[in-house]
Amino acid sequence: MTSPTGPKPAFLQGQNIMELPHNGFKAALSEKRRQIGLWSSFSDPDVYELLAGCGYDWMMFDTEHSTAGPQEVAAFLRTLAPYPVNPIVRPGWNNPVEIKKLLDAGAQTLLIPYIQSVSEARDAVASTRYAPEGMRGVAGITRATRYGAVKGYAKTAASEICVLLQVETREALAHLDDIAQVPGVDGIFFGPSDLAASFGYPGEPSHPEVCAAILDGIRHLNKINVPAGILSLDQEFLQEAADTGAVFIAVDVDSALLRQAALTRRATWA
């Protein structure tokens with residue numbers, strides 16, 4: 001078959017023309033370029049389409065503390081695709097089945113919660129790698145492979161997958177250096193709320209002892225050249241974390257922003 005207007009399109013030539021998507025967030029972390037993010041807790045892609053154009057470097061889709069699952073995550077990823085913002089997805093747990101589904105949906109950066117030991121860190125990384133390096137199940141026709149159009153996906157996928165581990169207990173802090181240096185770990189994220197509970201101060205994420213422990217953790221990570229991240233609604237503490245060397249920083253939560261804006265507007269009409 002010949003085209004009356006010129007050469008045949010590549011897809012008619014039987015070529016795999018799609019490249020493995022580049023993970024700009026992973027590249028930024030490896031270069032220690034600060035990345036400012038927004039925590040996302042809703043389950044509506046319309047909200048994320050609005051936020052995607054607000055200038056953040058990354059947005060985190062939370063499936064641990066929301067009703068969203070892999071199907072919703074796939075919709076969120078499609079929503080962000082046209083915008084210059086990098087999606088991060090947090091699974092509900094360090095579960096290889098859950099992680100596999102999110103990766104197959106096209107997620108390339110994962111924030112794995114509640115890592116407390118080197119063995120758990122290794123399991124998290126293994127869940128993102130195909131054998132023989134890991135235990136991710138192989139499926140060729142998925143959104144991650146662009147339905148089979150990404151040539152050599154199974155051999156190259158790991159190069160663009162970014163694994164972030166969440167440190168949120170005293171136990172984890174005690175093993176911080178060893179957890180952070182597990183091969184395949186791209187960054188460590190501090191969760192002030194759970195750390196506060198672990199320290200005996202539930203509901204007090206800005207408690208001075210908690211903040212001091214996080215800042216000390218960031219300093220430790222700087223020494224071993226591992227990027228540190230954090231979420232806090234305490235803007236003064238966030239600035240301290242940034243000054244200490246945090247690289248990826250979530251500066252607010254979408255639901256908190258909406259509530260605060262609504263309260264502020266109502267107060268003007270009291």
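This structure is a prediction, so every number in the text was calculated from the model and none was measured.

Draft legend 1. The arrangement of the environment of Glu 49 in detail. Looking at the element boundaries, Glu 49 is found in helix H2 (residues 45-52). For the pair Glu 49 and Tyr 83, spaced 34 residues apart in the sequence, the C-alpha separation amounts to 8.6 Å. Once residues within four sequence positions are removed from consideration, Glu 49 is found in contact with Thr 79 and Tyr 83.

Draft legend 2. Representation of unusual backbone geometry. Omega for the peptide link from Ala 131 to Pro 132 comes to 10°, which places this bond in the cis form. The backbone of Tyr 114 sits at a positive phi, close to 55°, despite the residue not being glycine. Despite not being glycine, Asn 225 has its phi angle at roughly 65°, a positive value. Tracing the backbone shows Asn 225 in the loop between helix H10 (208-223) and strand S7 (228-231). Given the relative accessible area of 55%, Asn 225 is considered exposed.

Draft legend 3. Layout of the pattern of salt bridges. Within the structure shown, the criterion is met by six salt bridges. Residue Asp 104 is joined to Arg 136 by a salt bridge in which the shortest nitrogen-to-oxygen separation is 3.0 Å. A residue pair is termed long-range when its members are at least 10 positions apart, and Asp 104 in helix H4 (residues 96-104) and Arg 136 in the loop between helix H5 (118-126) and helix H6 (153-156) qualify at 32 residues. Glu 209 is the partner of Arg 170 in a salt bridge, and the nearest nitrogen-oxygen pair spans 3.2 Å. A residue pair is termed long-range when its members are at least 10 positions apart, and Arg 170 in helix H7 (residues 170-174) and Glu 209 in helix H10 qualify at 39 residues. Within this structure, Asp 62, Glu 64 and Arg 90 form a network of salt bridges that share partners.

Draft legend 4. Highlighting the nonpolar core. If you look at the biggest cluster of nonpolar residues, it comprises 62 residues, and the most contacted ones within it are Leu 165, Ile 188 and Phe 190. The dominant element in this core, judged by the number of residues it contributes, is H10, at seven residues. Apart from the residues within four sequence positions on either side, Ile 188 is in contact with Leu 165, Val 167, Leu 176, Ile 179, Ala 180, Leu 221, Val 226, Pro 227, Ala 228, Gly 229 and Phe 248.

Draft legend 5. Expanded view of H2. The set of residues buried in H2 consists of Tyr 48, Leu 51 and Ala 52. Mapping the buried residues of H2 onto a view down its axis gives an arc of 100°, with all of them on the same face. Of the exposed residues in H2, the ones pointing more than 90 degrees away from its buried face are Asp 46 and Leu 50. Those residues of H2 hidden inside the fold are in contact with strand S1 (35-40), strand S2 (58-62), helix H3 (70-80) and helix H12 (254-267).

Draft legend 6. Representation of the packing of aromatic side chains in the model. What the rule picks out here adds up to ten aromatic pairs. An aromatic cluster is defined as three or more aromatic residues linked by ring pairs; in this entry it consists of Phe 25, Trp 39, Trp 58, Phe 189 and Phe 248. The positively charged end of Arg 170 is found above the aromatic ring belonging to Phe 199, 3.9 Å away from the centroid.

About the cut-offs
Residues numbered from 1 in each chain as written. Predicted model: local features only at pLDDT ≥ 70, side-chain atom pairs only at ≥ 80, totals over all residues. Heavy atoms only, no water. Helix = DSSP H or I, 4+ residues; strand = E, 2+ residues; numbered from the N terminus. Contact = heavy atoms within 4.5 Å. Buried < 20%, exposed > 50% of the residue type's maximum accessible area, 1.4 Å probe, protein only. Salt bridge = Lys/Arg side-chain N within 4 Å of Asp/Glu carboxyl O. Core = buried A, V, L, I, M, F, W, Y, C linked by side-chain atoms within 4.5 Å. Arc of directions from axis to C-beta. Phe/Tyr/Trp six-rings, centres within 6.5 Å; stacked < 30°, edge-to-face > 60°. Lys NZ or Arg CZ within 6 Å of the ring centre and 35° of its normal.

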